[in-house]
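Each chain, letter by letter, is given below.
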Amino acid sequence: MPNTDIELITQTEKQKKAQRSRSVALALALAAFVLIVYIATWVKLGPGVLVRPM
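Residues numbered from 1 in each chain as written. Predicted model: local features only at pLDDT ≥ 70, side-chain atom pairs only at ≥ 80, totals over all residues. Heavy atoms only, no water.

A short note on the overall build of the chain
Helix and strand counts for the chain come out as 1 helix and 0 strands. Against the globule reference of 10 Å for 54 residues, the chain gives a C-alpha radius of gyration of 23 Å, more extended than a compact globule. If one aligns the C-alpha atoms of the chain with their principal axes, the spans along those axes are about 70 × 35 × 10 Å. Burial analysis of the chain (54 residues in total) assigns 2% to the buried set. As displayed, the chain offers around 5800 Å² of accessible surface, 68% of which is attributable to carbon and sulfur atoms. (Helix = DSSP H or I, 4+ residues; strand = E, 2+ residues; numbered from the N terminus. Rg over C-alpha atoms; globule rule 2.2 N^0.38 Å. Buried < 20%, exposed > 50% of the residue type's maximum accessible area, 1.4 Å probe, protein only. Areas by Shrake-Rupley, 256 points an atom, 1.4 Å probe, with all protein chains shown as cover.)

See the structure below:
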């Protein structure tokens, strides 16, 4: 028979704020990385990528 006594961990307000700050920082870092890869791709391909024959 499974144990139904589940202990839930509740975070303090300080811990919640710290976790939110880490999440926002991680999201900004990921967005910056995506932007850098996007820009680097356009720079590497050059302006002629849209002018080639199909």
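The rest of the description comes next.
Quick notes on the UniProt feature "transmembrane region" (unreviewed entry) in the chain
Per the UniProt entry, the sites bearing "transmembrane region" (unreviewed entry) are residues 24–45 in this numbering. For residues 24–45, the end-to-end C-alpha separation is 32 Å, with 100% helix and 0% strand making up the annotated structure. (UniProt positions renumbered as here; feature names shortened; annotations may be inferred.)

Considerations on the packing of aromatic side chains
Under the criterion given, the structure shown has 1 aromatic pair. Ring plane angle 70° and centroid distance 6.4 Å describe the contact between Tyr38 and Trp42, whose orientation is recorded as edge-to-face. Here Trp42 and Tyr38 lie together in helix H1 (residues 13–45), a separation of 4 residues that amounts to about one turn. (Phe/Tyr/Trp six-rings, centres within 6.5 Å; stacked < 30°, edge-to-face > 60°.)

Let's talk about the environment of Lys17
Tracing the backbone through its elements, the reader meets Lys17 in helix H1. In this structure the C-alpha to C-alpha distance between Lys17 and Pro53, which are 36 residues apart in sequence, comes to 54 Å.

Focus: H1
Given a rise of 1.5 Å per residue, 33 residues ought to cover 48 Å, and the 48 Å separating the end C-alpha atoms of H1 matches this to within 8%. Phi for Gly46, located one or two positions after H1, is positive at around 80°. (Expected span 1.5 Å × (residues − 1).)

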